[in-house]
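What follows is each chain in one-letter form.
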Amino acid sequence: MTTLAKNEKLVLFDGVCNLCDNSVQFVIRHDKKNIFKFTTLQGETAKPILKSFKIDTSKTDSILLYTPDHKLYTKSSAALRIATQLNFPINVLGIFLIVPKGIRDVIYDYIAKNRYRWYGKKDDCMIPTKALKAKFFE
């Protein structure tokens, strides 16, 4: 399984989703503490994590957040926990963690279900630039 430094977190995302790709680019721009690493749900790095947590990618419309202490957050919990690590005022979104997960995930699921229709889909996963390559796992 992927080894992360104590201060790093791994974001697993749908590599062909335009919304997901734009979200990753947003996180990279606002991750001033250099906390996040990234991999696609379709990549080799994701496979042992997905297997360990019994995540079926054909049924998962979610961004996932994997931590060095081997915790996995899904859906709105992952998105909000990522936001809490970004710069102000984005980190204030973490206040929504007080909303029950079931309610948050209904909204998250609605967006996830419609993401390809609203934002489109790519044929291939994003290939990071040389400058960003260190932030990505296969």
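Below you will find a few notes about this structure. Given the structure is predicted, the values throughout are model-derived calculations rather than measurements. (Residues numbered from 1 in each chain as written. Predicted model: local features only at pLDDT ≥ 70, side-chain atom pairs only at ≥ 80, totals over all residues. Heavy atoms only, no water.)

### So, unusual backbone geometry
Argument step 1. In this structure, the amide linkage connecting Phe88 to the following residue, Pro89, adopts the cis form with an omega of 10°.
Argument step 2. Along the chain, Pro89 falls in the loop between helix 3 (75-84) and helix 4 (101-119).
Argument step 3. Notably, Lys75 is not glycine yet its phi reads approximately 50°, a positive angle.
Argument step 4. On the secondary structure map, Lys75 appears in helix 3.
Argument step 5. Residue classification places Lys75 among the partly exposed positions, given a relative accessible area of 25%. (Helix = DSSP H or I, 4+ residues; strand = E, 2+ residues; numbered from the N terminus. Buried < 20%, exposed > 50% of the residue type's maximum accessible area, 1.4 Å probe, protein only.)

### Here we look at the pairing of strand 1 (residues 9-13)
Argument step 1. Counted residue by residue, strand 1 has 4 buried out of 5 residues, so it is predominantly covered.
Argument step 2. Of the pairings in the sheet, the one linking strand 1 to strand 2 (residues 36-40) comprises 5 bridges and is parallel in character. Residue pairing across strands places Phe13 opposite Thr40, the latter belonging to strand 2.
Argument step 3. Across 3 bridges, strand 1 lies against strand 3 (residues 64-66) in antiparallel orientation. Each bridged residue has a counterpart across the sheet, and for Val11 the counterpart in strand 3 is Leu65. (Pairing = 2+ DSSP bridges.)

Purely geometric numbers; function is a separate question.
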